[in-house]
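Chain and residue survey
Chain residues, written in single-letter form:
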Amino acid sequence: MALSVRALILAPHLLLLLLLLSVSLVIVNGDGRTRPLMPVRSTIMNSAAEGDAGALPPGSPAGLCLKVGDYGYTCQEYKVTTEDGYILSLNRIPTGGQPVLLQHGVLVDGLTWLVNGMNQSLALVLADAGYDVWIANTRGTRWSRGHISLDPAQREYWEWSWDELVKFDLPDTFDFVYSHTGQKLHYGTLIALASFSQHKLVDKLRSAALLSPIAYLSHMTTPVGQSAANEAVVNILKLVCAKAPGADCYDMMTSFTGRTLLCVCVFFPAAFILFILRKGRITFNFPCFQGKNCCLNSSTVDVFLRNEPQPTSTKNMVHLAQTVRHGTIAMYDYGIHENLAQYGQIEPPIYNMSSVPNDLPLFLSYGAQDALSDSLDVELLLATLGTYVRGDDLVVQFVRDYGHADFVMGTNAKHDVTTGDGYVLTVHRIPASGLLDQQKISSNTNQPVLLQHGILMDGMSWLLAPPEQSLAIILAESGFDKVTHGWYALSFGLQEYWAWSWDQLAQYDLPTVVDLVHGVTRQKLHYVGHSLGTLIALASFSEHKLVEKVRSAALLCPIAYLGHITTVLGQVAAKSFIGEMTGWLGVVEFNPKIEAVENFIKAICRQPGIDCYDLMPAFTGKNCCLNASTVELFLQNEPQPTSTRNFVHLAQMIRGGDVTMYDYGSANENTKHYGQKEPPAYNMSNIPSDLPLFLIYGGQDVLSDIFDLHLLLDSLKFHQKDKLTVHYIHNYAHVDFIMGINAKQLVYDHVVAFFMRQQ
């Protein structure tokens, strides 16, 4: 029952930070075209608008804004002077929305938010989503090397570590953005955690998203990091930098790149050299420094290497090395005597993570392959944060195959989740897109929609029609945040692998995916099911599961009762599947593409009165409105496998005429599984009467038969009238609802309108 999905892909930071911010992003269509959410690229502007205090005057050097302008976005550059005299470059992509401050990590600068291209760089995606984007550049990096009295060539200029970033740079930047926007900010990084632990900035903060969060560092596994943090190595570095002729290591990157390679050779032993000379420039050895990244694009890495790494102070690196060695998050350790002078105590003060306010919305995303932000250190941070006032104020995302750089330069966006019974499901997301006006943005800002396909199909079923006729694309262009998942066999596996029916899809798979979407987006979701996708939702709702996380449900060709199925093929197949438990061919995987199943279908087709010349109408009814090219695409990708037990379960429903759990065939087996002789029923009348439901069905559909649909409606007769919408299309059969050439007008526009009403 391994699940997989075929859908469209965006970089992970578009999922991770923006899930917390609840924004709609940019959709990448199959042909690679993108549609911006807002037309923010209409003017290239490398300085602030006239009268904007604090901005550089027109015509002045624009720093990072030159790169932003290359993409066609409006950009403004400001200079912020810290309390201790450093002059920082702060860049803005103005949109008028909520402000988001992006803070880079060590040895890089603000360009890190732009190296992944127009469609996948976080700064631009946020701007397209209507957020007011501010990009910080830490002191000492190329655009922030100013000071009111010092020069970067002086040792005194580099007398700082990340303590000073916490004490001066971050608060002064926060104050500047807050004073210019009058709004609380979205933000995140290590220096933010240190500030939050002292209850600083929180009154000006809306939320914080931490990608590869660094706090505790004692479990760092990268060989370079371990070697660099070794106390003897650090002491030798200090000695060399102080005594070696011509060595000036206060500016760490200058030391690395030209003035004295001796510092490199001492700080990082030869076996773990961080930088190597190749083709006349310095190259970054990613795995040696930060772990194995899975998903980097070579052109993006090339852009990175042309612009990074950036300078920092040696003292800053020594401070991080102290954090690695000591296993605590403390201020810079000057040694006993100097600590007494600086802090009035022998040991440097601790940044206590348990003091971070437990009502501050935090989103933490980390990867299993990240050797800098190690999983054990992140888990220690989570344990230290303690119990949150509201559970949904602390959202944690784990990405199994991600290293440190994947979070800002990765090219894929998918989630792997594991069900309660051990099956691994893959979920893909198409963030909201489209040329939307501001009114539409505010009316349904990327409310998540989960699409669930039917039997023998996968997530591709929502993308078979052309873009303008595919529900997945239509929803995304309407401003909804669409998530799709599906299932198909990844391997034949053991017989036990296929020991499931739709009971397990309702019990495990659907709740697991709903929990993922709800946890990531922090919103109730809309649900769209087709065929079997409606059955598993109805079964869950009837047991009052998921309803607290579902905003509404649209059910296409709703299946619950099946006793009136009218196709002879369906009736004969149902009888044949009932006999499967006596040992039908020993096939547990029902894959129409394998010989045993093909022979089974041929045997059914030889039965009197059955015409299998065209299998689709024989199973689903006569579809009115299919396009030949769409059907051809369908046949290239579908059908997909399911378990034989799943079909047996459906056959039991056809013969029994009710909606029950799987019948194991004997009173003893049923008692073993259910504690009773008969399988329990799913009572459709137990579905909460205030859950908004939209049921749409067709007059030619022989799977979701009209009589069976009326039985379902009778079970819902006490549903609140304004919460139940029913729509009937006379000439539609089962497949028309997902592949019909006029499905947009007859089906999808009604679905979108229904969702719009559920605000």
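Scope of this entry: the structure provided in the associated data block. (Residues numbered from 1 in each chain as written. Predicted model: local features only at pLDDT ≥ 70, side-chain atom pairs only at ≥ 80, totals over all residues. Heavy atoms only, no water.)

This next bit is on the overall build of the protein. Scanning the protein for helices and strands turns up 28 helices and 21 strands. Counting over 759 residues, the protein shows a buried share of 60%. Counted over contacts in the protein with a minimum sequence separation of 6, partners at least 24 positions apart contribute 75%. For the protein, the exposed surface amounts to about 29100 Å²; the carbon and sulfur share of it is 54%. (Helix = DSSP H or I, 4+ residues; strand = E, 2+ residues; numbered from the N terminus. Buried < 20%, exposed > 50% of the residue type's maximum accessible area, 1.4 Å probe, protein only. Contact = heavy atoms within 4.5 Å. Areas by Shrake-Rupley, 256 points an atom, 1.4 Å probe, with all protein chains shown as cover.)

Turning our attention to a nonpolar patch on the surface. Taken together, Ile336, Leu340 and Ile346 make up a surface patch of nonpolar side chains, about 270 Å² in accessible area. Here Leu340 shows up in helix α13 (residues 336–343). Using a relative accessible area of 40% as the deciding quantity, one classes Leu340 as partly exposed. (Patch = residues over 30% accessible without salt bridge, like charges linked within 9 Å, V, L, I, M, F, W, Y side chains within 5 Å. Salt bridge = Lys/Arg side-chain N within 4 Å of Asp/Glu carboxyl O.)

With that out of the way, let us pick up the side chain of Thr173. Tracing the backbone shows Thr173 in helix α4 (residues 162–181). At 2.8 Å, the side chain of Thr173 and the backbone oxygen of Asp169 are in polar contact. Other than its neighbours up to four places away in sequence, Thr173 contacts Leu88, Leu90 and Leu101. (Polar contact = N/O pair within 3.5 Å; in protein donor to acceptor, adjacent residues only side chain to side chain.)

On to the nonpolar core. Trp502, Tyr527, Phe541, Val659, Met684, Leu693 and Leu712 are the most contacted members of the largest nonpolar core, which totals 56 residues. Put simply, the parts of the chain that give this core at least two residues each are β13 (424–430), α18 (502–521), β16 (525–530), α19 (532–542), β17 (550–556), α24 (644–656), β20 (693–698) and α26 (706–715). The biggest single contributor to this core is α18, with 9 residues. Contacts of Phe541, omitting those with residues within four sequence positions, involve Leu546, Val547, Val550, Ala553, Asn686, Ile687, Pro688, Leu691 and Leu693. Among the nonpolar cores identified, the runner-up in size contains 53 residues, and Leu90, Trp162, Val177 and Ala194 belong to it. (Core = buried A, V, L, I, M, F, W, Y, C linked by side-chain atoms within 4.5 Å.)

Here we take up the pattern of salt bridges. A complete count under the given rule lists 11 salt bridges for this structure. One salt bridge in this structure joins Glu77 and Lys79, with 3.6 Å as the shortest N-O distance. Lys315 is paired through a salt bridge with Glu159; the nearest N and O atoms lie 3.6 Å apart. With a gap of 156 residues between them, Lys315 in helix α12 (residues 314–326) and Glu159 in the loop between β5 (146–147) and α4 connect regions that are remote in the sequence. With a relative accessible area of 42%, Glu159 lands in the partly exposed category. Counted as one network, the salt bridges with shared partners bring together Asp84, Arg139 and Asp169.

Where a strand is regular, its side chains alternate between the two sheet faces. Of the pairings in the sheet, the one linking β20 to strand β21 (residues 724–729) comprises 6 bridges and is parallel in character. The partner of Tyr697 across the bridge, within β21, is Tyr728. (Pairing = 2+ DSSP bridges.)

Let's shift gears to the packing of aromatic side chains. Applying the stated rule across the entire model yields 17 aromatic pairs. Ring centres of Tyr157 and Trp158 lie 4.9 Å apart, and the angle between their planes is 75°; this geometry places the pair in the edge-to-face category. Trp158 shares its class with Tyr157; the two are buried. Ring centres 5.9 Å apart and planes at 50° place the aromatic pair Tyr664 and Tyr674 in the tilted group. Highlighted residues: Tyr664 in the loop between α24 and α25 (667–674) and Tyr674 in helix α25, separated in sequence by 10 residues. A cation sits over an aromatic face here: Arg139 above Trp160, 5.6 Å from the ring centre. One cation-aromatic arrangement involves Arg142 over Trp143; the distance from NZ or CZ to the ring centre is 4.3 Å. (Phe/Tyr/Trp six-rings, centres within 6.5 Å; stacked < 30°, edge-to-face > 60°. Lys NZ or Arg CZ within 6 Å of the ring centre and 35° of its normal.)

We now examine helix α28 (residues 743–757). Residue pairs three or four apart in sequence face the same way in an α-helix, which turns once every 3.6 residues. With 15 residues, α28 ought to run about 21 Å at 1.5 Å a step, and its terminal C-alpha atoms sit 20 Å apart, in line with that. The sharpest bend along α28 measures roughly 25° and falls at Asp749. When α28 is considered as a whole, its buried residues turn out to be Ala743, Val747, Tyr748, Val751, Val752, Phe754 and Phe755. (Expected span 1.5 Å × (residues − 1). Bend = angle between axes of the 7 residues up to and from the residue.)

This brings us to helix α14 (residues 375–385). All of the buried residues in α14 are Ser375, Asp377, Val378, Leu381, Leu382, Thr384 and Leu385. The N-cap residue of α14 is Asp374: its side-chain oxygen and the backbone nitrogen of Leu376 are 2.9 Å apart. Positive phi shows up at Gly386, right after α14, with a value of about 75°.

Tracing the backbone shows His104 in the loop between β3 (99–102) and α3 (122–128). Within polar-contact distance, the side chain of His104 engages the backbone oxygen of Val108 at 2.9 Å. Reaching out from His104, the side chain makes a polar contact with the backbone nitrogen of Thr138 at a distance of 3.0 Å. Beyond its immediate chain neighbours, meaning those up to four positions away, His104 contacts Asp109, Gly110, Thr112, Trp113, Ala136, Asn137, Thr138 and Thr141.

Tracing the backbone through its elements, the reader meets Pro99 in strand β3. For the pair Pro99 and Gln183, spaced 84 residues apart in sequence, the C-alpha to C-alpha distance is 7.0 Å. Setting aside residues no more than four positions away along its own chain, Pro99 makes contact with Asp132, Trp134, Val177, Thr181, Gln183, Lys184, Leu185 and His186.

A separate point is unusual backbone geometry. A positive phi is found at Ser531, a non-glycine position, where the angle reads about 60°. Along the polypeptide, Ser531 turns up in the loop between β16 and α19. You can call Ser531 buried: its relative accessible area is 6%. With a phi angle near 60°, His544 is a residue other than glycine that sits in the positive phi range. You can see His544 is positioned in the loop between α19 and β17.

Viewed as axis vectors pointing N to C, α18 and α19 meet at an angle of 70°, and their least axial separation amounts to 9 Å. The angle between α18 and α19 falls in the class roughly perpendicular. Along this stretch, α18 crosses α19, giving a crossing that reads as right-handed. Of α19, the residues touching α18 (which contributes Trp502, Leu505, Ala506 and Leu510) are Leu532, Leu535, Ile536, Ala537, Ala539 and Ser540. Classifying every residue of the contact of α18 with α19 gives 9 nonpolar, 1 polar and no charged. (Axes fitted to C-alpha atoms, helices over the stretch in contact; angles between N-to-C directions. Parallel < 35°, antiparallel > 145°, perpendicular 65-115°, else oblique. Left-handed = near helix turned anticlockwise from the far one by under 90°. Nonpolar A, V, L, I, M, F, W, Y, C, P; charged D, E, K, R; others polar.)

This next bit is on the state of the cysteines. One pass over the full model with this rule turns up 2 disulfides. One disulfide in the model links Cys65 with Cys75; its S-S distance is 1.9 Å. Torsion about the S-S bond of the Cys65 and Cys75 cystine: about -75°, corresponding to left-handed handedness. Placement of Cys65 in helix α2 (residues 64–70) and of Cys75 in the loop between α2 and β1 (76–81) is noted, with a sequence separation of 10 residues between them. Overall, the relative accessible area of 0% leaves Cys65 in the buried class. Across the disulfide, Cys624 is cross-linked to Cys625 (sulfur-sulfur distance 2.2 Å). Around the S-S axis, the bridge from Cys624 to Cys625 shows a dihedral of about -90° and counts as left-handed. By relative accessible area, Cys625 is classed as buried at 11%. (Disulfide = S-S within 2.5 Å.)

On to the environment of Leu381, then. As for its position among the elements, Leu381 is in helix α14. On the basis of relative accessibility, which here comes to 1%, the residue Leu381 falls in the buried class. Along the backbone, Leu381 and Tyr216 are 165 residues apart, and their C-alpha atoms lie at a distance of 6.8 Å. Once residues lying within four places of it in the same chain are set aside, the contact partners of Leu381 are Leu193, Pro213, Ala215, Tyr216, Met353 and Leu364.

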